[in-house]
There are 2 protein chains.
Amino acid sequence: MKILLKNGNVVNVFTEEIVKADVLIEDSRIMGVGDYADYPVNEVIDLTGKYVIPGLIDGHVHIESTMLTPYEMAKLCLPHGTTAVVADPHEIANVCGVQGVEYMLQASENLPMQVYINLPSCVPATRFDESGAVLTAEKLRPLYAYSRVVGLAEMMNYPGVLFGDQDVHQKLKDARALNKPIDGHAPFLTGRDLDAYIAQGVQTDHECSNIEEAKEKLSKGQWIMVRQGTAARNLSALLPLFDPPYCYRAVLVTDDRHPADLIAEGHIDNVLRLAVRGGKAPVRAIRMATLQVAECFRIPFVGAVAPGYSADIVVLEDLTDFKVTDVFSKGNHVVKNGKLVDFAPPKVEDALQNKVRSSFHVKTFTAEDFIVKKKGENCRVIGVLPGELITEERVLPVDFSKENGVDISRDILKIAVIERHNGTGHIGLGYVQGMGLKTGAIATSVSHDSHNIIAVGASAEDLAFAVNRVAKNGGNVVVKSGEVLAEMPLPIAGLMSEKEGERVAEENAKVRAAVHELGVPASLEPFMNTAFLSLSVIPSLKMTTLGLVRVETQELVPLFVNEK
Amino acid sequence: MKILLKNGNVVNVFTEEIVKADVLIEDSRIMGVGDYADYPVNEVIDLTGKYVIPGLIDGHVHIESTMLTPYEMAKLCLPHGTTAVVADPHEIANVCGVQGVEYMLQASENLPMQVYINLPSCVPATRFDESGAVLTAEKLRPLYAYSRVVGLAEMMNYPGVLFGDQDVHQKLKDARALNKPIDGHAPFLTGRDLDAYIAQGVQTDHECSNIEEAKEKLSKGQWIMVRQGTAARNLSALLPLFDPPYCYRAVLVTDDRHPADLIAEGHIDNVLRLAVRGGKAPVRAIRMATLQVAECFRIPFVGAVAPGYSADIVVLEDLTDFKVTDVFSKGNHVVKNGKLVDFAPPKVEDALQNKVRSSFHVKTFTAEDFIVKKKGENCRVIGVLPGELITEERVLPVDFSKENGVDISRDILKIAVIERHNGTGHIGLGYVQGMGLKTGAIATSVSHDSHNIIAVGASAEDLAFAVNRVAKNGGNVVVKSGEVLAEMPLPIAGLMSEKEGERVAEENAKVRAAVHELGVPASLEPFMNTAFLSLSVIPSLKMTTLGLVRVETQELVPLFVNEK
């Protein structure tokens, strides 16, 4: 099959020029760029006035954060020109281990959006995490045999790197021995510690939130991933990286992207748009989102409109709004005049389907399970700050005479983290301030990084009801007086839906809206906070299945200052 | 072993800045760059006022062209700051096949100048070449298992690529499947032919002699190798490639470098010097000769002064003359204050030593072997042009009444190409005009690409004498009336000496001088021409072991226009 894309303005990411040229596609590859007007082909597509760029690549994303299957994510991203992503299946790996990674591989096989996989390096994320799996170096090693596995994913455990943790170093050694790139994750690490971390071969960073940090890391050899996702939005702070020579060591990523944002704002095209609005050269920005991502991950023949390259091509109306009209993926015309062409979902073998669809191993809970039985006067309460992932450790008197310590007048609610992978029955139980619920409860199985069930509520009954509901279908629920106000089921590992992106975005919007029926003020987004309330790497006080963790000192602390 | 390089001006190839910093070396790697003044180390070297740059890398060189062993070449190059080369053992492979490649691997094992190998893709070079070996795809494949084999060397056979030669395509396919870069060699190829050639995965070109050619190839995705060697000197024509954005897809190479030039002018340091004299930014030029060469060949952790990188470091007095004072190779201090530290030659196993040292398989020749017995009136004579590799096909009357057709008055000499690999006894015999000998003969075993023995002379006796002499020790000889006027023995495959670079340069100078005793005017360099007189890819008329070849039509042509 030969297709000629005729007379477009072709963006050359090597010379950073825009040249009027024809592009000859033969089957899955580009075979020529130049004057091919008289060349015999099966199909000619006239692109006069349009722009032809390489398919966009997201250099670092967690597919699970879209709450969609790779198939459904691809359906949302392709119309925005994304033809490849480098995905870290960290979330599902925390739930389902090696089989989670294999599920993601099978569930993304032969998609028109190529899914490259980096192997999750930190499962579980911390020693306080009761995760569904422990991925040692030994368990990861065989996974490098998959052709789409390109490297080792973000090494968040920088203390483990710096202090010589044996398994951490084995993972790094394995990746280096196989010449596989190692992604980093080390916010604010600097100076000698940064040197020691990078010296182990950690070649990227996507956590830079200011330009000094980015320049230091870049100067030490790391590729800087300019991140503009749903949660973290670092683009404006990192705009200087779009200029030479920094731009030649920087790539564009989203990290986390909710379906509603994919629909409303787009994906990597959105990052390009913002960069151009920020005054940066479009062609150079495109280079950072195509050729250079491929180079960073040593993926040959991807990321350029040039002979021999994979025919991943995006046709745009312009280089300001980046409106996509057509997309080719490995030579297949997958978006035509802005409309996605149907394609079949990948087949996943039964064993893996069963594994990811039966990830809740818990008993049925009763209100009794959510009654704090310990006693004390001054209680350690997690202080939530609006719009922040950081929490405070507050010590407050708690009144047990009514509602087992819940005090709506002071916005003190109960929080529970329920181990759900191995049926241990472990429940971390305590109090949180600042979530704004006046009644009912919310619960979710999206709780970083182990994705146990986390619930916040005003009554033990509603906590039990919400948790039981989540344990059935996964996802997010909002309940009140034994009734479900809204829910977004995420049956795949408790993380992903099988539904279409639009439907998941709708459900998510309804869930977010429903919390306000519980009295939460419009200024708060309790699910955003909830998902991070058990992540014991972000300060200060967090709740885990084992109880409260003080992040700074990395120790479990009792609920009461003077526990009786 | 920890060494601190203190207080130097460190060239950062990522940010293109020069920063005053300490460099911490631990064993073979760089572990830190910054303020390490108080760090406990075994040795501190104060570099105040000096410049610290990554070790230089020659991205494309034929070690055989230095006529030195890798060991002796390293001894000449290290003091010029070269810590790595990407070598194509094309010449020795034409003589000794796979064992020639293995000899080069063993003879360069653990040198302080790291030798990466690209596998020779075109052995023999043409169908008229009676070479010592035929390297099929099948024979090359196992060689990729050597860790220092980084790719497939220059694919000169572009007709084979374009017209679908099966073995050529198998070689390309193998390299692509292993994710090994493929070097190109396609002078003046352009347009659709160039597209078709590059589309097979050919990712570099070192044959660009003008900027338009270079820009076209770069725009199609090739890395452009700016070549400045002994024979081809393209730097001044390609100076625009030292500017953005081209500089980020260009690297520096020498291709061929004679020992006298290595001694007098230097190696990659010479290319840097010329670029800076040409007005180009030194730091960017350094980037093109370090980090980018490593990236082009996907060699990780090489080419930068940064944490985790191999401690290949060059200390310079300045960034204009590039005077090297110290060199570190994998953390070893191999050049101290401009003086090379002794190191041992690599051990090569006996079987390979024997193979490369017994590469002449010929009988003893007599004058009779060099008598033209065919008869005719108008003879095809190779017309040599001063300073050119191109020859002309001249049809001239030849007078057989004296000296069997040699005619000093018209500068018509006899030329012979003697098959020397398989004892076939094939001798191509004919006439050449423009070499300038008035008497005697010259002969050499350096004759591209098969390296048969090639001789030019005024008498059949001296031709036989010269050829027999070459067959004994290899190399170049100049003889007159049965006496050796000068010789440079090259016993290793007829291509390389075992002597030191200085000695080989001296011998070579003597041989070049001696030709003038045969009456050759000072303006001619007959050995330069001789080495290419049997290479049937450069127009127009060439002599092979099978007789005359007309390059344009790729056919054997008879010596006489109307042969009787």
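Residues numbered from 1 in each chain as written. Chains lettered and ligands numbered in written order. Predicted model: local features only at pLDDT ≥ 70, side-chain atom pairs only at ≥ 80, totals over all residues. Heavy atoms only, no water.

Draft legend 1. Molecular detail of the relation of the copies chain B and chain A. Once chain B has been moved 0.0 Å along the axis and rotated by 180°, it coincides with chain A to within an RMSD of 0.1 Å. Expressed as an axis order, the relation between the two copies is that of a two-fold axis. (Least-squares fit on C-alpha atoms with pLDDT ≥ 70 in both.)

Draft legend 2. How the structure looks around the pairing of strand 27 (residues 547–550) of chain B. Residues and elements named next belong to chain B. As paired elements, strand 26 (residues 541–544) and strand 27 share four bridges and run antiparallel to each other. Note that in strand 27 the partner of Leu-541 across the bridge is Arg-550. For strand 27 and strand 28 (residues 555–557), the ladder comprises three bridges, and the chain directions are antiparallel. Residue pairing in the sheet places Arg-550 in a bridge with Glu-555 of strand 28. (Pairing = 2+ DSSP bridges. Helix = DSSP H or I, 4+ residues; strand = E, 2+ residues; numbered from the N terminus.)

Draft legend 3. Structural detail: the sheet that holds strand 10 (residues 182–184) of chain B. All names here are of chain B. In spatial order, the strands read 6-7-8-9-10; together these five strands make up an open sheet with parallel pairing. Each edge of the sheet is formed by a strand with only one pairing partner; in this case those strands are strand 6 (56–61) and strand 10. Strand-to-strand twist of the sheet, defined as the mean angle between neighbouring strand axes without regard to direction, takes the value 25°. Both strand 8 (residues 114–119) and strand 9 (residues 149–155) contribute to a ladder of three bridges, which runs parallel. Of the residues in strand 9, the one forming a bridge with Leu-119 is Leu-152. In the packing of helix 9 (residues 268–277) onto the sheet, contacts are made with strand 6 and strand 7 (82–87), and the angle to strand 6 comes to roughly 100°. (Axes fitted to C-alpha atoms, helices over the stretch in contact; angles between N-to-C directions. Contact = heavy atoms within 4.5 Å.)

Draft legend 4. Local environment of the nonpolar core. Of all hydrophobic cores here, the largest spans 349 residues; its most connected members are A:Tyr103, A:Leu241, A:Phe370, B:Tyr103, B:Leu241 and B:Phe370. Aside from chain neighbours lying at most four places away, what touches B:Leu241 is B:Ile211, B:Ala214, B:Leu218, B:Ile224, B:Val226, B:Tyr246, B:Cys247, B:Ala250 and B:Met288. (Core = buried A, V, L, I, M, F, W, Y, C linked by side-chain atoms within 4.5 Å. Buried < 20%, exposed > 50% of the residue type's maximum accessible area, 1.4 Å probe, protein only.)

Draft legend 5. Quick peek at the interface of chain B and chain A. Contacts between the two partners involve 43 residues from chain B and, on the opposite side, 43 residues from chain A. In total, chain B and chain A occlude about 3400 Å² of area from one another, counting both sides; carbon and sulfur atoms represent 53% of this. Viewed at the interface, chain A and chain B are joined by four salt bridges. One salt bridge in this structure joins A:Asp38 and B:Arg192, with 2.5 Å as the shortest N-O distance. Of all the elements in the fold, those that place two or more residues in the side of chain B that touches chain A are strand 3 (29–34), helix 6 (191–198), helix 7 (211–219) and helix 11 (291–296) of chain B. Counting residues per element, the side of chain B that touches chain A draws most heavily on strand 3 of chain B, at five residues. Per-class residue counts for the side of chain B that touches chain A are 21 nonpolar, nine polar and 13 charged. (Buried area = accessible area lost by both parts, 1.4 Å probe. Salt bridge = Lys/Arg side-chain N within 4 Å of Asp/Glu carboxyl O. Nonpolar A, V, L, I, M, F, W, Y, C, P; charged D, E, K, R; others polar.)

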